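Given next are the chains, with one letter for each unit.
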Amino acid sequence: QSCVTTKDRDAFCNAMVDIFTVYCRGYGTNVSVGQVLIEVLQCIRLHKVRIDVNYATLVINILCLHGLAEALQPGYNILDAAKPLLKVYRPGKIWQFVIRHFIFPVAQRIKQTSDTVVYRRMHREALRLKADDDDDHVTHLKR
């Protein structure tokens, strides 16, 4: 991330401190992740901060999930619900080793297996639809 000018950078840093002072009061205080991210995005736009497209996509996706959770269960707070996971994950050397050598490879293998199952299902469905279309075409020619 980068700002156009030093003045914008300093103003952006001050604005971010203000946002987190006002909106982020800690676990159990009903912090609205959606409101925080909206304020951050407005701050980014106002101070002309350039951000990576992947980061922007991640923020928009989190906003969508927050909106969905809020619509389905208004009293649900994503940050409070994530507290146990966030407290357990402390990126020390042991965690980095466990993640890199155990969790990531297992998750990657599960994803590959899942993708293969989905691909095969889609392929079978495409073949079935093609066969149905061929049957309809032959039936139409017989008439």
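The preceding data block contains the structure.
About the cut-offs
- Residues numbered from 1 in each chain as written.
- Predicted model: local features only at pLDDT ≥ 70, side-chain atom pairs only at ≥ 80, totals over all residues.
- Heavy atoms only, no water.
- Helix = DSSP H or I, 4+ residues; strand = E, 2+ residues; numbered from the N terminus.
- Buried < 20%, exposed > 50% of the residue type's maximum accessible area, 1.4 Å probe, protein only.
- Lys, Arg positive; Asp, Glu negative; His and termini not counted.
- Salt bridge = Lys/Arg side-chain N within 4 Å of Asp/Glu carboxyl O.
- Polar contact = N/O pair within 3.5 Å; in protein donor to acceptor, adjacent residues only side chain to side chain.
- Contact = heavy atoms within 4.5 Å.
- Core = buried A, V, L, I, M, F, W, Y, C linked by side-chain atoms within 4.5 Å.

Draft legend 1. Molecular detail of the side chain of Glu39. As for its placement among the helices and strands, Glu39 is situated in helix H2 (residues 33-46). Arg45 is the oppositely charged side chain nearest to the buried, salt-bridge-free Glu39, at an N-O distance of 9.3 Å. Within polar-contact distance, the side chain of Glu39 engages the side chain of Tyr23 at 3.3 Å. Residues in contact with Glu39, not counting those within four places in the same chain, are Ile19 and Tyr23.

Draft legend 2. Molecular detail of the pattern of salt bridges. Applying the stated rule across the entire model yields one salt bridge. Among the ionic pairs, Glu125 bridges to Arg128, the shortest N-O distance being 2.5 Å. Linking Glu125 with Arg128, this pair stays in helix H5 (residues 93-142), spanning three residues, or about one helical turn. The exposure class of Arg128 is partly exposed, given its relative accessible area of 40%.

Draft legend 3. Just the nonpolar core, in detail. Grouped together as the largest cluster of nonpolar side chains are 10 residues: Phe12, Ala15, Met16, Ile19, Val31, Val36, Val40, Cys43, Ile44 and Val49. Those elements that place two or more of their residues in this core are helix H1 (6-23) and H2.

Draft legend 4. Here's a closer look at the environment of Lys7. By the secondary structure assignment, Lys7 is in helix H1. In sequence terms Lys7 and His47 are 40 residues apart; their C-alpha atoms lie 9.0 Å from each other.

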